[in-house]
Amino acid sequence: MIAASMPSPIGHALAGLAASWAVDLVPGDRAWRTAPASAPWFRRAGDGLTLACAALGAAADLDHLFLTHRAATHSIGAVAVVGLFAAAFAARAQRPVARVALMCVAAYGTHLVLDWLGVDTSVPRGIQALWPLSHEWFISGIDLFPRTERHELWTVAAMAANLKAIAQEVAILGPPAVVLWLVRVKALARLPSQMARRDHAAK
Ligand SMILES: [Zn+2]
């Protein structure tokens, strides 16, 4: 019976968002991801691709719709599929293939890490992280993230448990996300002026 999961979609989306910002900091072709300080915050945050990464952070739990929770969707096999689709999408959209693929892989991969670090009381515990190479289930036992209820959501007990779990997720994942945002604003703000100087020097 699949009655609970860990962590909530909010925690997973926050981790996906943070992963996309972290990959944005990798040196290389970043100019297409910059926006001036005067741009709307959505553009400065990295617009649709960042949003897609937040969704990818939570996407693995779509397996709730089927009855095989935390199996193939929570594995390196699924991460590889996401990377291939992201690379194909980036190539079509004429975006840097490696960076877009890495962003999507990192965002999706955070889901595996968070679930591995979470509480799981349903047997078999954990995730089938190495599928299709192995069908073994893995869990850290660290219990960093409490479980969340996804059935009978509107009972007082479920709502209280979920609010507490979400507060803990935000307390753990929020600070790194805020730091990444602040570093992002500083690092990406320098790029246009750096490029302008370089282009000027090349002339
Ligand atoms: Zn999951």
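About the criteria used
Residues numbered from 1 in each chain as written. Predicted model: local features only at pLDDT ≥ 70, side-chain atom pairs only at ≥ 80, totals over all residues. Heavy atoms only, no water. Axes fitted to C-alpha atoms, helices over the stretch in contact; angles between N-to-C directions. Helix = DSSP H or I, 4+ residues; strand = E, 2+ residues; numbered from the N terminus. Left-handed = near helix turned anticlockwise from the far one by under 90°. Contact = heavy atoms within 4.5 Å. Nonpolar A, V, L, I, M, F, W, Y, C, P; charged D, E, K, R; others polar. Donors = N, O, S within 2.8 Å, 3.2 Å for Na, K, Ca; no water. Tetrahedral: all angles 85-135°; square planar, octahedral: opposite > 155°, others 65-115°. Buried < 20%, exposed > 50% of the residue type's maximum accessible area, 1.4 Å probe, protein only. Core = buried A, V, L, I, M, F, W, Y, C linked by side-chain atoms within 4.5 Å. pLDDT = per-residue confidence, 0-100. Phe/Tyr/Trp six-rings, centres within 6.5 Å; stacked < 30°, edge-to-face > 60°.

A short note on the packing of helix α1 (residues 9-24) against helix α5 (residues 97-117)
Right, on to step 1. In contact at an axis separation of 8 Å, α1 and α5 are set at 145° when each is read in the N-to-C sense. In the packing of α1 onto α5, the handedness of the crossing is right-handed. Along its contact with α1, which presents G11, H12, A15, G16, A19, S20, V23 and D24, the element α5 presents R99, L102, M103, A106, A107, T110, H111, L114 and D115.
Right, on to step 2. Split by residue class, the contact of α1 with α5 holds eight nonpolar, six polar and three charged.

Looking at the coordination of the zinc ion
Right, on to step 1. Coordination of the zinc ion by the protein is provided by D61 (OD), H74 (NE2), H111 (NE2) and D115 (OD), with metal-donor distances spanning 2.0 to 2.1 Å.
Right, on to step 2. Around the zinc ion, the four donor atoms are arranged such that angles at the metal cover 91 to 169°; this shape is classified as irregular.
Right, on to step 3. Taken in chain order, the donor set of the zinc ion reads D-x12-H-x36-H-x3-D. On the criterion of sequence distance, the pair formed by D61 in the loop between α3 (47-59) and α4 (76-92) and D115 in helix α5 is long-range, its members being 54 residues apart.
Right, on to step 4. Taking the relative accessible area as the measure of exposure, D61 reaches 8% and is therefore buried.
Right, on to step 5. On the basis of relative accessible area, D115 is assigned to the buried category, the value being 0%.

Quick word on the environment of A101
Right, on to step 1. Within the fold, A101 resides in helix α5.
Right, on to step 2. Look at A101 and you get buried, because its relative accessible area is 14%.
Right, on to step 3. Separated by 45 residues in the primary sequence, A101 and L56 place their C-alpha atoms 12 Å from one another.
Right, on to step 4. Residues in contact with A101, not counting those within four places in the same chain, are G83, A86 and A87.

Concerning the nonpolar core
Right, on to step 1. Counting residues in hydrophobic clusters, the biggest one holds 19 residues, and the most contacted among them are L56, C104 and Y108.
Right, on to step 2. Contributions of two or more residues to this core are made by α1, α3, α4 and α5.
Right, on to step 3. No other element matches the six residues that α5 contributes to this core.
Right, on to step 4. Not counting chain neighbours up to four residues away, the residues in contact with L56 comprise V82, C104, A107 and Y108.

Concerning the confidence of the model for the protein chain
Low pLDDT means the predicted coordinates in that region are not meant to be read closely.
Right, on to step 1. The predicted model of the protein chain has a mean per-residue pLDDT of 91, with 98% of residues at 70 or higher.
Right, on to step 2. When the elements of the protein chain are averaged for pLDDT, strand β1 (residues 4-5) gives the smallest value, 64, and α4 the largest, 98.

Thoughts on the packing of aromatic side chains
Right, on to step 1. The tally for this structure, following the rule as stated, stands at two aromatic pairs.
Right, on to step 2. When the ring of W21 is compared with that of W181, the centres are 5.2 Å apart and the planes differ by 50°; the resulting orientation is tilted. In this pair, W21 sits in helix α1 while W181 sits in helix α6 (residues 156-202), placing the two residues 160 residues apart along the sequence.
Right, on to step 3. Given a relative accessible area of 8%, W21 falls into the buried group.
Right, on to step 4. Residue W181 is classed as partly exposed on the basis of its relative accessible area, which comes to 22%.
Right, on to step 5. The interplanar angle of 85° and the centroid separation of 6.3 Å between the aromatic rings of W41 and F42 together place this pair among those described as edge-to-face.
Right, on to step 6. Among the residues examined, W41 registers a relative accessible area of 65% and is labelled exposed.

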